[in-house]
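# Structural features, examined
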Amino acid sequence: MTDLFDGIERGGREPMGEGAALLRGFALAFEDEVLAGLDAVVAQAPFRHMVTPGGYTMSVAMTNCGAAGWVTDRSGYRYDANDPLTGRPWPEMPEAFRTLARAAAAEAGYPDFTPDACLINRYEPGARLSLHQDRNERDFANPIVSVSLGLPATFQFGGLQRSDPVRRYALRHGDVAVWGGPSRLAFHGVTALKEGMHPRLGRMRINLTFRGAL
Ligand code: MD3
Ligand code: FE
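In what follows, the accompanying structure is described. Not measured: the values here are computed from a predicted model.

Here we take up the pattern of salt bridges. Under the defined criterion, the tally for this structure stands at 11 salt bridges. Across the pair Glu-195 and Arg-203 runs a salt bridge whose closest N-O atoms are separated by 2.8 Å. The exposure class of Glu-195 is exposed, given its relative accessible area of 54%. Taking relative accessible area as the criterion, Arg-203 reaches 40% and is therefore assigned partly exposed.

Printed below as a string of C-alpha cells:
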C-alpha cells in the first residue's frame, strides 16, 4: 500500500477497506480491446435476466465467460461450466480481459491472480443490485476484480454484517476495484442506475467481475 494523503492514495488509488483498492481509470488503457472482447462474448452468450431462488427476475441482465459462469435459477446460485441457455460451455475469456484483471490485481497487491470466471452485468436505467455477499466461490483467498464501463453508478460498500453502515462510491467508466483480504466477504450493492447516455456504451453500465471460482 502506498501512503495515504487526505484519504486518497497517490496514483489515483483510493483505499476502500482493508485489502481493497479502487484504481481510478485503470481500464482506460485497455478500452478498445475490452469492448471488442465484450462484443465477442455477447455474440455467443447473450445477456439474460436470471431468476433468483425466491422467484424474482433480476433487473440486472447477465452473461459470463471463462471456464465457469455464475448462474441463478429457482434451484439456487452456483457456478456452472455451461451456459444454461445453449447447453454449451461459456465463451472463452478474451485475452484482454485476463490481461486487465491480472494487471489490476498485481497493482493492488495480489500478484498471482488467475481468474477462471468473469461475470458480466448489464445495468439499464433503473436496474439495481441489492446488498449481498459473494460467497459461491470455492476459495475466498482469491480477490475479486471489478471493472466499470459506461454510465456511472453508485456503489454501496458495507461490512461483514448486512446491518453494518455502508459507504457510497461513484464508479465511472474505466474504474477498476480489487477486493481481497478482509473486504472479500463485505456486503455490497449498486443503487438504481440513473438515466444517461455514454459516448461508447450508450444507455447502459457494464460491470465485469473476475473471480477465481473453481
Ligand atoms: C466487494 N457487482 O457481480 S462490482 C457482483 O457493479 C457485484 O455490478 C457489482 O456485486 C456491479 O457480484 C459490484 C464490485 C464488487 C464485486 C464483488 C465484490 C465488490 C465486491 C465482492 C466482495 C466485496
Ligand atoms: Fe457482488
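With that settled, consider the coordination of the iron ion (ligand 2). Under ideal tetrahedral coordination, the four donors around a metal are separated by 109.5 degrees; under ideal octahedral coordination, the six donors are separated by 90 or 180 degrees. His-132 (NE2), Asp-134 (OD) and His-188 (NE2) make up the full set of protein donors to the iron ion (ligand 2), lying at 2.0 to 2.2 Å. Look at His-188 and you get buried, because its relative accessible area is 17%.

Moving on: the packing of aromatic side chains. Inspection of the entire model under this criterion finds 6 aromatic pairs. Arranged with centres 6.2 Å apart and planes meeting at 25°, the rings of Phe-26 and Phe-30 form a pair that is stacked. Seen in terms of ring centroids, Phe-155 and Trp-179 are 5.2 Å apart; in terms of plane orientation they differ by 50°. Their pairing is tilted. Here Phe-155 is found in strand S11 (residues 153-157), whereas its partner Trp-179 is found in strand S13 (residues 176-179), with 24 residues between them in sequence. Judged by relative accessible area, Phe-155 falls into the buried class, the value being 7%. Each residue in the set Phe-155, Phe-157 and Trp-179 is aromatic and connected to the rest through ring pairs, giving one cluster.

Turning to the site of ligand 1, a few remarks are in order. Around ligand 1, 19 residues are found, and the nearest of them are Asn-121, Tyr-123, Asp-134, His-188 and Arg-205. Note that an oxygen atom of ligand 1 is positioned 2.9 Å from one of the side-chain N or O atoms of His-188. Side-chain polar atom of Asn-207 to an oxygen atom of ligand 1: 3.4 Å apart, as the coordinates give it. When ligand 1 sits alone it has 490 Å² of accessible area, and the protein chains cover 98% of it. The set of elements that each furnish at least two residues to the shell around ligand 1 consists of strand S8 (117-123), strand S9 (129-132), strand S10 (144-150), strand S14 (188-190) and strand S15 (205-211).

The next thing to look at is the pairing of S8. Counting buried positions over the 7 residues of S8 gives 7, a clear majority of the element. Here S8 shows two buried faces, one formed by Ala-117, Leu-119, Asn-121 and Tyr-123 and the other by Cys-118, Ile-120 and Arg-122. Relative to S8, strand S5 (residues 61-66) is paired through 6 bridges, and the arrangement is antiparallel. Within S8, the position partnered with Cys-65 by the bridge is Cys-118. With 7 bridges connecting them, S8 and S15 associate as antiparallel partners. From the neighbouring strand, Leu-119 faces S15, where its bridge partner is Thr-209.

Rules and cut-offs
Residues numbered from 1 in each chain as written. Chains lettered and ligands numbered in written order. Predicted model: local features only at pLDDT ≥ 70, side-chain atom pairs only at ≥ 80, totals over all residues. Heavy atoms only, no water. Salt bridge = Lys/Arg side-chain N within 4 Å of Asp/Glu carboxyl O. Buried < 20%, exposed > 50% of the residue type's maximum accessible area, 1.4 Å probe, protein only. Donors = N, O, S within 2.8 Å, 3.2 Å for Na, K, Ca; no water. Phe/Tyr/Trp six-rings, centres within 6.5 Å; stacked < 30°, edge-to-face > 60°. Helix = DSSP H or I, 4+ residues; strand = E, 2+ residues; numbered from the N terminus. Near = heavy atom within 4 Å. Polar contact = N/O pair within 3.5 Å; in protein donor to acceptor, adjacent residues only side chain to side chain. Areas by Shrake-Rupley, 256 points an atom, 1.4 Å probe, with all protein chains shown as cover. Pairing = 2+ DSSP bridges.

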